[in-house]
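Architecture at a glance
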Amino acid sequence: MNQICLKALQASQYTEVIDLLSNPIAIVDYNGVIQLVNNSWKNFACFKRYNVNNWVGLDYLKFHQQNEQTASSQTSITQTLGKILSKDVDYVQVEYKCEEKDCSHFFQLSANKVRINHTDYLMVSHEQVLAKEELIKSQQRLKIAANAAQIGIWDYDLKQQALHWDNWMFKLYGLSPDKTQATYQIWKNSVHPEDLAHAVRDFNKAVSTGENFDSEFRIIRGDGEIRHIQASAKVITDKQKLAIRLIGSNIDITQSKKSENKIYELANFDHLTKLPNIRLLKDRLSQSLVLNRKLRSFSSLLFVDCDHFKTVNDLYDHNIGDHVLVKLADRIKDSLNAEATICRQAGDKFIVFLPHVSNEKVDAMGQVKSIGRKLLHKIQQPLKVKGINFKLTASIGITLFNGANPSTEELLKQAELAMYKVKESGRNNMSFYDPQMQTEIIQRKQMETDLEQAIINDEFNVFYQAQVSAEYGVTGAEALLRWFHPKKGLIYPDSFIPLLEETGLIITVGEKVLHDGCKKLQQWSRTPEFKALTLSINVSAVQLRHEGFSDYIKQLVTQFQVQPGKLKLEITESIFIENINATCAIMNDLASYGVLFSLDDFGTGFSSLCYLKSLPLAQLKIDKSFIKDLSINNRDIAISQTIVNLANSLQFDVIAEGVEFAEQKELLQQIGCNNYQGYYFHRPAEEDKFEAFTLAYNSNSIANKSAQGNLEIDNKNARLRA
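Structure report, in brief. Predicted, not measured: the structure shown is a model, and the values here were computed from it.

What follows is about the overall build of the protein chain. Per the secondary structure count, the protein chain includes 26 helices and 26 strands. Buried residues in the protein chain amount to 43% of all 722 residues. A separation of at least 24 residues holds for 57% of the contacts in the protein chain among residues at least 6 apart in sequence. Approximately 39,100 Å² of the protein chain is accessible, and the part contributed by carbon and sulfur atoms is 50%.

For the rest of this paragraph, the subject is the pairing of strand 7 (residues 162-165). A regular strand places its side chains so that they alternate between the two faces of the sheet. Alternating positions in strand 7 separate cleanly, Leu163 and Trp165 being buried on one face and Ala162 and His164 remaining unburied on the opposite face. Examined bridge by bridge, strand 6 (residues 151-157) and strand 7 share four bridges and lie antiparallel to one another. In the sheet register, Trp154 faces strand 7, and the bridge partner there is Trp165. Between strand 6 and strand 7, which pair antiparallel one after the other, the connecting turn spans four residues, and Gln161 there sits at a positive phi close to 55°.

Before going further, it helps to spend a moment on the side chain of Asn250. Within the secondary structure, Asn250 is located in strand 10 (residues 243-252). On the accessibility criterion, Asn250 (2% relative accessible area) is buried. Only 2.7 Å separates the side chain of Asn250 from the side chain of Tyr173, close enough to count as a polar contact.

Those residues of helix 17 (residues 493-503) that fall on the buried side of the exposure criterion are Pro493, Phe496, Leu499 and Leu500. Down the axis of helix 17, the sector holding all buried residues measures 155°, keeping them to one side. Residues of helix 17 that are exposed and point over 90 degrees away from its buried face: Asp494 and Glu502. Looking at the buried positions of helix 17, the neighbouring elements they touch are helix 16 (435-457), strand 18 (460-469), strand 19 (473-485), strand 20 (489-491) and helix 18 (506-525). Count one or two residues on from helix 17 and you reach Gly504, which has phi positive near 85°.

It is worth spelling out the sheet that holds strand 7 at this point. Strand order in this open sheet of five strands is 7-6-10-9-8, and the pairing throughout is antiparallel. Single-partner strands in this sheet number two, and they are strand 7 and strand 8 (213-220). Averaged over all neighbouring strand pairs, the angle between strand axes comes to 25°, with direction disregarded. For strand 6 and strand 10, the ladder comprises seven bridges, and the chain directions are antiparallel. The residue of strand 10 that forms the bridge with Asp155 is Ile247. Against the sheet, helix 9 (residues 193-209) touches strand 6, strand 8, strand 9 (226-237) and strand 10, its axis set at about 155° to strand 8.

Here the focus is helix 10 (residues 254-268). An ideal rise of 1.5 Å per residue puts 21 Å on 15 residues; helix 10 measures up with 21 Å between its terminal C-alpha atoms. By the burial criterion, the buried members of helix 10 are Thr254, Lys257 and Asn268. Mapping the buried residues of helix 10 onto a view down its axis gives an arc of 75°, with all of them on the same face. Residues of helix 10 that are exposed and point more than 90 degrees away from the buried face comprise Gln255, Ile263 and Leu266.

A few words on the side chain of His126. Residue position: His126 is located in strand 5 (residues 119-128). At a separation of 2.9 Å, a polar atom in the side chain of His126 contacts the side chain of Tyr60. Sequence-distant contacts of His126, defined by excluding residues within four places in its chain, comprise Asn23, Pro24, Trp41, Phe44, Phe47, Tyr60, Tyr96, Gln108 and Leu109.

Right, let's get into unusual backbone geometry. A positive phi is found at Gln161, a non-glycine position, where the angle reads about 55°. Positionally, Gln161 belongs in the loop between strand 6 and strand 7. Phi angles above zero are rare outside glycine, and Lys241 is one such case at about 65°. Tracing the chain through its elements places Lys241 in the loop between strand 9 and strand 10. Lys241 gets classed as exposed once you look at its relative accessible area, which sits at 67%.

Right, let's talk about the packing of aromatic side chains for a bit. A full pass over the atoms with the stated rule returns 32 aromatic pairs. Here the aromatic rings of Tyr184 and Trp187 are separated by 5.7 Å at their centres, their planes lie at 40°, and the arrangement is tilted. Linking Tyr184 with Trp187, this pair stays in helix 8 (residues 184-190), spanning three residues, or about one helical turn. Given a relative accessible area of 23%, Tyr184 falls into the partly exposed group. Each member of the aromatic cluster is reached from another via a ring pair, and the members are Trp41, Phe44, Phe47, Trp55, Tyr60, Phe63 and Phe107. Taking NZ or CZ as reference, Lys171 lies 4.6 Å from the ring centre of Trp168, over its face. If you follow Arg683 out to its NZ or CZ, it ends over the ring of Tyr679, 3.9 Å from the centre.

A separate point is the pattern of salt bridges. Inspection of every chain in the model, using the stated rule, returns 28 salt bridges. In this structure, the salt-bridge partner of Asp305 is Lys423, at a minimum N-O distance of 2.5 Å. Here Lys423 lies in helix 15 (residues 408-424) and Asp305 lies in strand 11 (residues 298-306), a separation of 118 residues in the sequence. Put simply, Glu448 and Lys445 hold a salt bridge, and the shortest N to O gap is 3.8 Å. Of the two residues, Glu448 and Lys445 are both situated in helix 16; the distance of three residues between them amounts to about one turn of the helix. One network of salt bridges, in which partners are shared, links Arg221, Asp223, Glu225, Arg227 and Asp252.

Basis of the calculations
Residues numbered from 1 in each chain as written. Predicted model: local features only at pLDDT ≥ 70, side-chain atom pairs only at ≥ 80, totals over all residues. Heavy atoms only, no water. Helix = DSSP H or I, 4+ residues; strand = E, 2+ residues; numbered from the N terminus. Buried < 20%, exposed > 50% of the residue type's maximum accessible area, 1.4 Å probe, protein only. Contact = heavy atoms within 4.5 Å. Areas by Shrake-Rupley, 256 points an atom, 1.4 Å probe, with all protein chains shown as cover. Pairing = 2+ DSSP bridges. Polar contact = N/O pair within 3.5 Å; in protein donor to acceptor, adjacent residues only side chain to side chain. Arc of directions from axis to C-beta. Axes fitted to C-alpha atoms, helices over the stretch in contact; angles between N-to-C directions. Expected span 1.5 Å × (residues − 1). Phe/Tyr/Trp six-rings, centres within 6.5 Å; stacked < 30°, edge-to-face > 60°. Lys NZ or Arg CZ within 6 Å of the ring centre and 35° of its normal. Salt bridge = Lys/Arg side-chain N within 4 Å of Asp/Glu carboxyl O.

Pasting the structure below:
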C-alpha cells in the first residue's frame with residue numbers, strides 16, 4: 001500500500017472511490033498506519049478536537065490509546081482493532097459514544113479486511129447509530145415525563161427474580177433506596193392486607209397469560225399512610241410465549257379516588273342525614289326487581305312522612321329542624337336491619353326499602369306490618385334537641401311487590417299514595433297500597449283538569465243563602481260557590497273546594513267570588529230594600545296568606561264603594577295554625593277598611609280562645625254539627641249556650657248555621673241566639689231568587705210585627721176598659 005500511496009494517480013483513484021461514501025472511511029495497513037482517508041473522515045466532528053492536519057501516516061491504534069475520552073471506550077476500541085490487526089478475524093465492530101460540544105451521538109466503528117494489489121489492508125468506517133440515540137432520547141423523555149407525573153417505573157426479571165425500582169417507586173412506597181432492596185416480597189408486604197389477594201391474583205394472571213398487568217390496590221407506606229395505587233405493566237415473553245419479564249409503572253391515584261368518592265357521595269347520598277338519596281334508592285330498587293323475578297320473593301317500600309313537621313321549622317328555626325331530622329334519620333336506621341335501605345327523599349320524607357321479606361304474600365304483609373309498627377313506636381319516642389323536647393308522629397304508606405309490578409317510579413308512587421291515605425284518615429298510622437287509591441288519584445287528576453277548564457269556561461256561579469234575624473228579618477246573605485259541570489251537572493263545594501286549595505286554583509276562583517260579591521253589594525246599596533244587607537264570603541287560609549290579598553280586597557272596596565260593615569269575610573280556625581302573627585296583621589289591616597270578620601265553624605277546630613281578644617272579629621258562627629241534634633242532645637245545647645255567652649261577653653254577634661227545623665230555632669232563641677242560617681229559612685239560590693225571597697220574607701216580617709203590635713194594643717185597651 002505504501003507503493004500505492006507513492007503513486008499519485010493510483011492514490012487519487014482510491015480517494016475518489018471512498019469519497020463517494022458518506023461515512024468517515026480510512027484505509028489502514030496491518031501495522032495500524034493510516035494510508036488513505038476520505039473527506040468525511042477529515043470533517044468528522046468527533047476528530048475535530050484533535051487538530052490532525054494529515055491523517056496519512058498516523059498510527060491509528062496509538063491515536064486511540066492516547067486520545068480516547070474514557071478508559072472503557074479506549075479499551076473497547078483498541079481491543080477490537082487489535083483483534084483484526086492480529087489477523088485473528090476478518091471483521092470487527094464496536095459501539096461507542098462521542099461526547100463533544102459539537103457532537104453527542106452514538107457511533108459504530110467497523111473494520112473489515114480488503115485486498116489491494118495483492119496486499120491486505122483494513123477499511124475502517126464510523127457510522128452513526130440513530131436507533132440507539134432515539135431509544136435513549138425516548139428513555140430520557142420517559143424519565144422526565146415520569147418525574148413530572150410522579151410515576152414510579154419498575155422492571156421485574158422473572159428468571160433472575162430481580163426487581164428494579166426507580167426513585168419514584170421508593171418515594172411512592174415511602175421507602176429509602178439506601179436502606180431497602182426492592183424485591184417481590186417487599187412489594188407484597190406494602191400492599192394493604194385487604195387488597196393483597198386480588199393484587200397478587202392480577203399479577204399472577206398476567207404472568208400466566210402474557211396479558212398486560214393492570215390492578216388497583218391500596219398500599220401502606222413506610223410512614224403508615226394509606227395510598228391508592230394504579231399499577232400496570234407490559235409482559236415480555238420468550239419464543240415459547242412464556243413470561244420472562246415485566247416492565248411497568250405505579251401511579252398514586254389517592255387524590256382522584258377521594259374526588260371520585262366525593263362525587264359519588266354528592267350524587268348518591270343526602271348531604272344532611274348522610275342517608276342514600278332517591279337516585280341510589282332507585283338504582284337498588286331496579287336491581288332488586290330483577291332478582292325478585294327470579295327468586296319470586298316479596299319486597300316492600302315504606303314511605304315515611306312526619307306529621308306537621310312544618311310547625312317545628314315555624315316555631316323554631318331550620319337549624320333546629322335539621323338537627324331533628326338527623327336524629328330522626330338515625331332512629332329509623334337503628335330500627336331496621338343492615339339489609340334495608342333508608343333513603344331521605346326530601347324534607348321530612350323518608351323511604352325504607354326492604355329487598356327480601358318473604359316468599360309468601362301473607363307472611364310478607366305480617367312482617368312489614370310489624371316493621372311499620374316498630375317504626376311508628378320509635379318515631380313517637382320523646383326526642384331532645386338543644387334542650388327542646390319534641391314528640392313526633394308519622395304517616396307510613398306501604399307497597400308490597402315481587403317483581404311482577406311495574407317500574408320503580410310506579411312503586412314509589414304507590415307507597416306515596418298509601419301514605420297520603422293515612423294523612424287523610426288522621427295521621428300517625430300506616431296503610432298498605434290498594435289499587436282503588438290509583439283510581440282515586442286518576443279521578444282527582446281528572447277533576448284538576450276539569451277545574452282548570454271550569455275557570456276558562458266560567459262554569460262557577462255564586463249562590464246566596466239568607467241570614468235571618470229573629471227581630472229584623474233577612475239581614476244579609478252568605479255567598480256560596482256552585483260548579484255547573486257540563487257533563488256532571490251541579491257539583492257542591494265540599495267536592496271541589498279542598499282540591500282548589502291544594503292546587504292553588506282557589507286564588508283565581510276566590511278573586512272572582514270576591515269581585516262579584518263586592519259588585520253585588522254596590523248594586524244592593526242603590527236599592528232601598530237591600531241597602532242594609534251584608535254579604536259573607538268564605539276565605540281560606542291559602543287565600544288569606546296569598547301575596548297581595550289584602551291589597552286586592554282594598555282595591556275592590558274602593559272600586560265598588562263598599563260601605564263599612566257590609567263585606568264580611570268568613571274564616572275558619574285552621575287559619576291560626578300557621579303564622580298567627582301574619583294573619584292578625586292582615587285582618588287588622590282590612591278591618592281598618594271597614595271589612596268585618598266572622599269566625600266560621602267555631603269550636604270544631606284548634607282552640608283559638610287565646611286569639612279572640614286580639615283578633616278583629618265581629619261574629620262567631622255556631623257550627624251546624626252542634627245544631628243538628630240540638631233538640632235531643634243536652635251537650636249540644638250546653639256548647640251552643642257557651643258560645644252565645646262567650647260572644648256576648650266579647651261583644652260579638654253570634655249566628656247559628658244549619659238550622660233546618662222550627663224546634664231548633666226556638667231552642668236557639670231560648671239560649672239567646674237570634675241570628676240564623678239554614679234550610680228552615682232559605683236554601684241557597686241564584687241572586688234573583690234570593691232577592692225575591694228577601695223582599696217577601698221582610699214584607700211578611702213587617703206585617704207580622706205590625707199585627708203583633710196591634711194585638712198588643714187591643715189587649716192593653718181591653719185591660720184598661722176592664
